[in-house]
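# A closer look at the structure
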There are 2 protein chains.
Amino acid sequence: MTPSYPQPAALCRSVETQSRFNKSIISLTCALALSGLAFSSIVNAKTVHVTSPNTHINISLTDDNGRPEYQIDFNGKTVINPSKLGLVFQQLGEFGSEFTIKNVSRSSVDQTWQQPWGERENVRDHYNRIKATLSNGKLDFDIEFKAFNDGIGFRYLVPKQAGLTSTPKLDITDELTEFVIPNPQLTTAWWIPGRGWNRYEYLYRTTTLDKIDRAHTPMTFRTTDGVHMSIHEAALTDYAAMVLNQGRDGTLRADLTPWSDGIRVKTQPGFTTPWRTIQIASNATGLLNSDLILNLNEPNKLGDVSWVQPGKYVGIWWGMHLNENTWGSGPKHGATTSETKRYMDFAAQYGFDGVLVEGWNEGWDGSWFHNGDVFSFTKAYPDFDIDAISQYGKSKNVRLIGHHETSGSVTNYRNQMSNAYDLYKKHGVTQVKTGYVADGGDIKRIDENGIVRHEWHDGQFMVNEYLHSVTEAAKRGISINTHEPIKDTGLRRTYPNWIAREGARGQEFNAWGSPPNNPEHTAILPYTRMLAGPMDFTPGIFNLAPQGLDAENRVQTTLTKQLALYVVLYSPIQMAADLPRNYVQRLDAFQFIQDVPTDWSESIALAGDIGDYVAFARKQRGAEDWYLGALTDENPRKLTVKLDFLTAGQRYEAQIYRDGNNADWLTNPYDYVIETKVVSATDTLALSLASSGGSAIRFKAL
Amino acid sequence: MTPSYPQPAALCRSVETQSRFNKSIISLTCALALSGLAFSSIVNAKTVHVTSPNTHINISLTDDNGRPEYQIDFNGKTVINPSKLGLVFQQLGEFGSEFTIKNVSRSSVDQTWQQPWGERENVRDHYNRIKATLSNGKLDFDIEFKAFNDGIGFRYLVPKQAGLTSTPKLDITDELTEFVIPNPQLTTAWWIPGRGWNRYEYLYRTTTLDKIDRAHTPMTFRTTDGVHMSIHEAALTDYAAMVLNQGRDGTLRADLTPWSDGIRVKTQPGFTTPWRTIQIASNATGLLNSDLILNLNEPNKLGDVSWVQPGKYVGIWWGMHLNENTWGSGPKHGATTSETKRYMDFAAQYGFDGVLVEGWNEGWDGSWFHNGDVFSFTKAYPDFDIDAISQYGKSKNVRLIGHHETSGSVTNYRNQMSNAYDLYKKHGVTQVKTGYVADGGDIKRIDENGIVRHEWHDGQFMVNEYLHSVTEAAKRGISINTHEPIKDTGLRRTYPNWIAREGARGQEFNAWGSPPNNPEHTAILPYTRMLAGPMDFTPGIFNLAPQGLDAENRVQTTLTKQLALYVVLYSPIQMAADLPRNYVQRLDAFQFIQDVPTDWSESIALAGDIGDYVAFARKQRGAEDWYLGALTDENPRKLTVKLDFLTAGQRYEAQIYRDGNNADWLTNPYDYVIETKVVSATDTLALSLASSGGSAIRFKAL
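Only a predicted model underlies this, so the values are computations on that prediction, with no experimental measurement involved. (Residues numbered from 1 in each chain as written. Chains lettered and ligands numbered in written order. Predicted model: local features only at pLDDT ≥ 70, side-chain atom pairs only at ≥ 80, totals over all residues. Heavy atoms only, no water.)

## Quick notes on the overall build of chain A
Secondary structure assignment for chain A yields 14 helices and 39 strands. A globule of 702 residues ought to have a C-alpha radius of gyration of about 27 Å, and chain A, at 27 Å, matches this closely. A fraction of 70% describes how many contacts in chain A between residues 6 or more apart in sequence connect residues 24 or more apart. By element, 48% of the accessible surface of chain A is carried by carbon and sulfur atoms, the whole surface being about 22,800 Å². (Helix = DSSP H or I, 4+ residues; strand = E, 2+ residues; numbered from the N terminus. Rg over C-alpha atoms; globule rule 2.2 N^0.38 Å. Contact = heavy atoms within 4.5 Å. Areas by Shrake-Rupley, 256 points an atom, 1.4 Å probe, with all protein chains shown as cover.)

## Quick look at helix 9 (residues 460–474) of chain A
Residues and elements named next belong to chain A. With 15 residues, helix 9 extends 21 Å between its outermost C-alpha atoms, agreeing within 8% with the 21 Å of an ideal straight helix rising 1.5 Å per residue. Among the 15 residues in helix 9, 12 count as buried, and that is most of the element. Taken together, the buried positions of helix 9 are occupied by Gln-460, Phe-461, Met-462, Val-463, Glu-465, Tyr-466, Leu-467, Ser-469, Val-470, Glu-472, Ala-473 and Ala-474. Its buried side turned inward, helix 9 meets strand 20 (265–267), helix 8 (410–426), strand 27 (443–446), strand 28 (452–455), strand 29 (479–482) and strand 30 (498–501). (Expected span 1.5 Å × (residues − 1). Buried < 20%, exposed > 50% of the residue type's maximum accessible area, 1.4 Å probe, protein only.)

## Comments concerning unusual backbone geometry
The omega torsion of the bond from Thr-217 of chain A to Pro-218 of chain A falls at 0°, within 30 degrees of zero and hence cis. Within the element layout of this structure, Pro-218 of chain A appears in the loop between strand 15 (214–215) and strand 16 (219–222). Located in the positive-phi region is Arg-195 of chain A, a residue other than glycine, with phi close to 55°. Inspection of the secondary structure puts Arg-195 of chain A in the loop between strand 13 (188–191) and strand 14 (205–208). In this structure, Ser-692 of chain B takes a positive phi of about 50° despite not being glycine. Relative to the helices and strands, Ser-692 of chain B resides in the loop between strand 38 (684–689) and strand 39 (694–701).

## Side note on the packing of helix 9 (residues 410–426) of chain B against helix 10 (residues 460–474) of chain B
Residues and elements named next belong to chain B. Relative to each other, helix 9 and helix 10 sit at 10°, their axes nearing to 10 Å. The orientation of helix 9 with respect to helix 10, classified from their angle, is roughly parallel. The segment helix 9 lies against helix 10, with Val-410, Arg-414, Met-417, Ser-418 and Tyr-421 engaging Phe-461, Met-462, Glu-465, His-468, Ser-469, Glu-472 and Ala-473. In the contact of helix 9 with helix 10, the residues fall into six nonpolar, three polar and three charged. (Axes fitted to C-alpha atoms, helices over the stretch in contact; angles between N-to-C directions. Parallel < 35°, antiparallel > 145°, perpendicular 65-115°, else oblique. Nonpolar A, V, L, I, M, F, W, Y, C, P; charged D, E, K, R; others polar.)

## A short note on the UniProt feature "domain: Glycosyl-hydrolase 97 catalytic" (unreviewed entry) in chain A
As annotated by UniProt and renumbered to match this structure, "domain: Glycosyl-hydrolase 97 catalytic" (unreviewed entry) occupies residues 317–504 of chain A. In this annotation, residues 317–504 of chain A is assigned 32% helix and 17% strand; the end-to-end C-alpha distance for the span is 18 Å. (UniProt positions renumbered as here; feature names shortened; annotations may be inferred.)

## Re the UniProt feature "domain: Glycosyl-hydrolase 97 N-terminal" (unreviewed entry) in chain A
Residues given the UniProt feature "domain: Glycosyl-hydrolase 97 N-terminal" (unreviewed entry) here are residues 50–299 of chain A. Each end of residues 50–299 of chain A is marked by a C-alpha atom, and these two atoms are 24 Å apart; helix forms 4% of the span and strand 51%.

## Side note on the environment of Thr-667 of chain B
Relative to the helices and strands, Thr-667 of chain B resides in the loop between strand 36 (652–659) and strand 37 (672–679). As for Thr-667 of chain B and Gly-137 of chain B, which are separated by 530 residues in sequence, their C-alpha atoms are 70 Å apart.

## Quick word on the sheet that holds strand 33 (residues 613–620) of chain B
All names here are of chain B. The strand order across the open sheet formed by six strands is 32-33-34-39-36-37, and the pairing between neighbours is antiparallel. Looking at strand neighbours, the two that pair on one side only are strand 32 (600–609) and strand 37, the edges of this open sheet. Strand-to-strand twist across the sheet, computed as the mean angle between neighbouring axes with direction ignored, equals 15°. Bridge analysis of strand 36 against strand 37 gives eight bridges, and the strand direction is antiparallel. Within strand 37, the position partnered with Glu-653 by the bridge is Val-678. Contacts from helix 13 (residues 559–568) reach strand 33, strand 34 (626–632), strand 36, strand 37 and strand 39, with the element oriented near 125° to strand 34. Against the sheet, helix 15 (residues 587–595) contacts strand 34, strand 36, strand 37 and strand 39, and its axis sits at roughly 125° relative to strand 36. (Pairing = 2+ DSSP bridges.)

## Notes on the side chain of Thr-220 of chain B
All names here are of chain B. With respect to the element layout, Thr-220 can be found in strand 16 (residues 219–222). Judged by its relative accessible area of 0%, Thr-220 falls in the buried class. When residues no more than four places from it in sequence are discounted, the contact partners of Thr-220 are Thr-188, Ala-189, Trp-190, Met-229, Ser-230, Leu-287, Tyr-527, Thr-528, Leu-531 and Ile-610.

## A closer look at the packing of aromatic side chains
Note on aromatic pairs: each is described by the distance of the centres and the angle between the planes. All told, the structure shown has 78 aromatic pairs over all chains when counted by the stated rule. Between Trp-360 of chain B and Tyr-424 of chain B, the ring centres sit 5.7 Å apart and the planes meet at 55°, which makes this aromatic pair tilted. Residue Trp-360 of chain B is located in the loop between strand 24 (354–357) and helix 8 (386–396), and its partner Tyr-424 of chain B is located in helix 9; the two are separated by 64 residues in the primary sequence. Ring pairs connect the aromatic residues Tyr-70, Phe-89, Phe-95, Phe-99, Phe-141, Phe-145, Phe-154, Tyr-156, Phe-179 and Phe-271 of chain A, which therefore count as one cluster. Its guanidinium or amino end placed over the ring of Phe-352 of chain B, Lys-312 of chain B lies 5.9 Å from that ring's centre, counting from NZ or CZ. The ring of Trp-113 of chain B is capped by Arg-493 of chain B, whose NZ or CZ atom sits 3.7 Å from the centre of that ring. (Phe/Tyr/Trp six-rings, centres within 6.5 Å; stacked < 30°, edge-to-face > 60°. Lys NZ or Arg CZ within 6 Å of the ring centre and 35° of its normal.)

## Looking at the environment of Asn-289 of chain B
Residues and elements named next belong to chain B. Topologically, Asn-289 is positioned in the loop between helix 4 (284–288) and helix 5 (292–295). Classification of Asn-289 by relative accessible area gives partly exposed; the value is 31%. The spacing of Asn-289 and Phe-89 is 200 residues in sequence and 38 Å in space, taken between C-alpha atoms. Excluding residues within four positions of it along the chain, Asn-289 makes contact with Ser-603, Ile-604 and Ala-605.

## Here's the deal with the sheet that holds strand 23 (residues 311–316) of chain A
All names here are of chain A. Spatially, seven strands are ordered 30-29-26-25-24-23-31 in an open sheet, and the strand pairing comes out parallel. The open sheet has two edge strands with one neighbour each: strand 30 and strand 31 (573–575). Adjacent strand axes in the sheet meet at a mean angle of 30° when their direction is disregarded. Pairing of strand 23 with strand 31, which is carried by three bridges, proceeds in the parallel orientation. From the neighbouring strand, Tyr-313 faces strand 31, where its bridge partner is Met-575. Relative to strand 23, helix 6 (residues 337–350) is tilted by about 150°, and along the sheet it contacts strand 23, strand 24 (354–357) and strand 25 (399–405).

## Focus on the confidence of the model for chain A
On average, residues of chain A score 93 in pLDDT, and 94% of them are at 70 or above. Across the whole predicted complex the pTM is 0.86, and at the interface the ipTM reaches 0.77. (pLDDT = per-residue confidence, 0-100.)

## Points about helix 7 (residues 337–350) of chain B
Residues and elements named next belong to chain B. Its 14 residues give helix 7 an end-to-end C-alpha distance of 20 Å, which sits within 8% of 20 Å, the value for a rise of 1.5 Å per residue. Buried within helix 7 we find Thr-337, Glu-339, Thr-340, Tyr-343, Met-344, Phe-346, Ala-347 and Tyr-350. Looking one or two places after helix 7, you find Gly-351, whose phi comes out positive at around 85°.

## Quick look at the side chain of Arg-529 of chain A
All names here are of chain A. By the element assignment, Arg-529 lies in the loop between helix 11 (521–524) and helix 12 (559–568). Although Arg-529 is buried, it forms no salt bridge, and the closest oppositely charged side chain is Asp-488 at an N-O distance of 5.1 Å. Only 2.9 Å separates the side chain of Arg-529 from the backbone oxygen of Pro-534, close enough to count as a polar contact. Discounting residues that sit within four places of it in the chain, Arg-529 has contacts with Tyr-204, Arg-501, Glu-502, Gly-503, Ala-504, Pro-534 and Met-535. (Lys, Arg positive; Asp, Glu negative; His and termini not counted. Salt bridge = Lys/Arg side-chain N within 4 Å of Asp/Glu carboxyl O. Polar contact = N/O pair within 3.5 Å; in protein donor to acceptor, adjacent residues only side chain to side chain.)

## Re the packing of helix 6 of chain A against helix 7 (residues 386–396) of chain A
All names here are of chain A. Running from amino to carboxyl end, helix 6 crosses helix 7 at an angle of 15°, the nearest separation of the two axes being 10 Å. Considering the angle they form, helix 6 stands roughly parallel to helix 7. Our pair here, helix 6 against helix 7, has a crossing hand that is right-handed. Residues Thr-337, Thr-340, Lys-341, Met-344, Asp-345 and Ala-348 of helix 6 lie in contact with helix 7, whose contacting residues are Ala-388, Ile-389, Tyr-392, Gly-393 and Lys-396. Residue composition of the contact of helix 6 with helix 7, by class: five nonpolar, three polar and three charged. (Left-handed = near helix turned anticlockwise from the far one by under 90°.)

## Quick notes on the pairing of strand 18 (residues 242–246) of chain B
Residue and element names in this part refer to chain B. Judged by how many residues are buried, strand 18 sits mostly within the fold: five of five residues are covered. Burial along strand 18 is two-sided: the residues Met-242, Leu-244 and Gln-246 and Val-243 and Asn-245 are all buried. The sheet contact formed by strand 15 (residues 214–215) and strand 18 spans two bridges and is antiparallel. Its bridge partner lying in strand 18, Ala-215 is registered against Leu-244. From the end of strand 18 to the start of strand 19 (residues 251–256), which pair antiparallel, there are four residues, and Gly-250 there has a positive phi angle of about 95°.

Written out as structure tokens, the structure reads:
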């Protein structure tokens, strides 16, 4: 399956991109070469290849333009045209131009590792690897490629070396990595604007790829041949996030988010960049079944993480977004002792293990936005008795879930972090939701000179700051659920207490967003944001239109689509986001939220197309039950699902929560039917999804 | 005098910097070439030259490495090694690599133009020019070089062209311009840190050039051959300022200050960059006599500017820095009606035409720093009656000088600008001092989405914002004296109402700076900051040590050095910065400040070495009198000055203000002597300068 690349041909072709100056020379050398003269004696350009284990993906790395470039072919067709590689250092200039391949090492791996929690218990890590050392005669650096069946990853390594002993400090001013996409005008892309004021919280744009200006990753696109690809990165630590800039049409270039002083990355010899990843599949669901991002992260560094607990929670949260309550003190203060106990009663009665409480600490009164320095992370409001609450929680076997909103004033948070986490640990809190609400570029830090600096959420400084909070929390057996986070790049494998994040438009936009999330939003998320990792979307709103069906701000789904989200949008922690009074009115539908687990031994994407629909089946970890979630955009559709994922010979009671025959998100969202039937692996199931509707099914092993 | 560059030799030499891949080929072509084959039929690389009118400076522009590079030789020795040229666009990638010279045009100019005000009336603009069009076969851009006797300038031009019709928007992500300095470890540099929190307000560092990390321009250095050079830029409009980053030792690279979103420059096809300038002289005073920066700016765009008035002023200012007064309201409020009238009386009595008043407007109470939005530019404090004051000023023929402190909240200033300037115009104010006190990177603007953005003082946004205030003021016959400014790049030629700026450590640092300005500070400024243009340093402090000679915060000069500053540090507006009560105690010395003009028909740097000493002679515009100012660093020294700058045959009374025989800045700064003697052009004068002392002389034509 691997195309062959005769070197003289490759060289002659390659020079078409050269200046006339070089071309005229090289044409000559081609002539010499073809006339039989020993080719490499004139030109020492190299082209090396590595293919995926199934040989469907071929990566070519070449220096035949006098610099490293790569190309990717999938099933014999080029999906990434020749694209430049390299880095630029303030102290050393460019590592790229004039660097050629000095030597190459190869290896292959096929291993299976276990996730302490996740979409599946066993993850297969199967790839062929090539590591090339490039040199300009004076200095070396390495480029490492891994070819998996579900895509590729590559990264740069700048080793310590004799030539760098006099430069202990390396400042990266640019990364030259390109992703050159063929036929950009015919390629469909799903993306959000990169480096925007609202961080990652935008509705996804569906355009031809050439319309992208600057996009965050994961950036997902479909080629003219129906190949589905997504560009992202893995293991982002001590480096700036990569945003994609479009230069010439189709040429996406790495744009590292800068520090406030303009430097992109501050590092030193002996560093490794994050992996640049391209997931590749012949259909949309292929992307959903990929473990590539996790496989490119380091194994667990925290040792025994049995204290990291997946679970479900309720909380004092939605009431604030509806303006029934306030974060700040006063008559509508949500975070009171009595209200918290009421939620703990509800949680205990219906089998939730946690109660999130926001607005319990001092600082919420007045204008905290743009001024997070007002927050105390240890002083509770007088009407919030944390001792009494944690005692009460213990008696009910319900945990208090902590909350820290920094409003982007990270120095203020850093200064209080130890005391804040110690306080929570003392009260048995094992999970904290952190918040960094601030405009993009407006994270405030005090630098070493005492000067206020304004950083991006996804610059190197914050990449390190977010991870610092996770490792500090780990020392105290606390898991972190980061909101307004740095995008996920699979670090949950290395730090399993980084249990979830936000990092996209969540449920709260339905309460006050203009516009609220549209029907296709959750039909795009699985193929974009969710490829990065778990999201704390907070599904399960039952009162879909508190201000009436005609109000702009309402949930644009049917009720059963809210149930389907628990299976479709993977997270080890899931909230039942609505107010208790709305659940007790529909206990029949609420039963699914009580039953659905948040930890799985297996997950399978059954069907879907980006922005249209998606269907997942997942098997409960440590049990025989399976669950299915399916949802659609504004278009009603019928799906026929083969149940061959079920255990052969096993009978199941399918508890089906589906849209009623007259259901429609806009006019009739509460029309749902709950029915049961006995099924087995040989059966097929017809699902009928209403406009912005869904189905949620529990397959209870009999 | 011009070295010759045989092309094959040049080509063979040049390829030593190429990758092995290219080198092997080109060595072959060299062989062919030398063996007599038509050279250009194989390689179309070009090297073109342009020399200064006196032929001492030779610029080589070549594409023989397949990209544009330049080199500069001075008197036959290379002072700038081969250095890369180019720009990188988000939409188009690199303009540099793979661009070769397509054609070249040449011209020569020798003209003289007049300054409405300045160091000299007639400025000679004499250069040879070359403009090269570079092309990669698809797109073109131009590089223009001008070679003067006192240095060189070059700039990039990206014309509108067929290939760019589909890209109306061009975002510059990097500029590749290099300045490669030979022998960096043996070259002495005088510089301040680039992009620092304190803007341009640092003591200058004197190090070997290889010690520079990131420096602002003008950055001045002296080679091992004693050649004096300074890198800066001219005509900085609608572009980001250039900071110099050192990569490999000796390789200084343009680092354009970014927007808050990381883009360096937002432009469109048909743009021109500022001139990158290198002033070159065989001695230090050669730099001081250079008009290169002005010559690379556009002629006056404002038409009749007779309303732009040089002059001298006093003001309500130093008292605040000494904590005798406050900017804010209260018992110590400086800007009161009565105090302003008192200053107007003083100004009228001693021949000053302006009175600056700071702290007259609402917003100074409480914490205005980091929060300039509190400032009103039209509401005066109740104890400041602007009507009464402007009336009183008219009766005394003394102008009120306006003041606007923005604290970097430029949107707040922009919103009030029209009303603010109208108000001043109504009251006959013809000069406004603006202030932008904010940490580097902390200029606040509200963007088109209503989001607070934090910009650099020298990014493209502020470059345009500063100029906007100048052109808005011009419409009302108002001149602008910018503090915490964008660095000067000679725009006073194009906008003569941009009458002065700060942009370096001024006198106020002696009141509270830690440390205050040291004795060498004003012996470095003329060779660095002052090469850019006039500075509002505010000299003339007579009470040199209000807290005693042993206090840290005092003026580290003798009294006569304060007088010398009026001649040494050129500005069309000069303040007598001290309190009136300190002048009336020393009316004999104060006489020099009364006499010295601020507008000149000629200026000559007589002697000096960077950081050691400097002596200037200047001829009063519209009169026959000459003035001389000389000052030294901490080392006392004797200077013998030829008076041959005086008009031959004319007799002058030299009114000499000199350090006394026992004067010493540290122990005895008030020891000064005033004496007169009759001199003529054939005489020489011996000057004896004390430690951090100076001499100030008026040559009164008899």
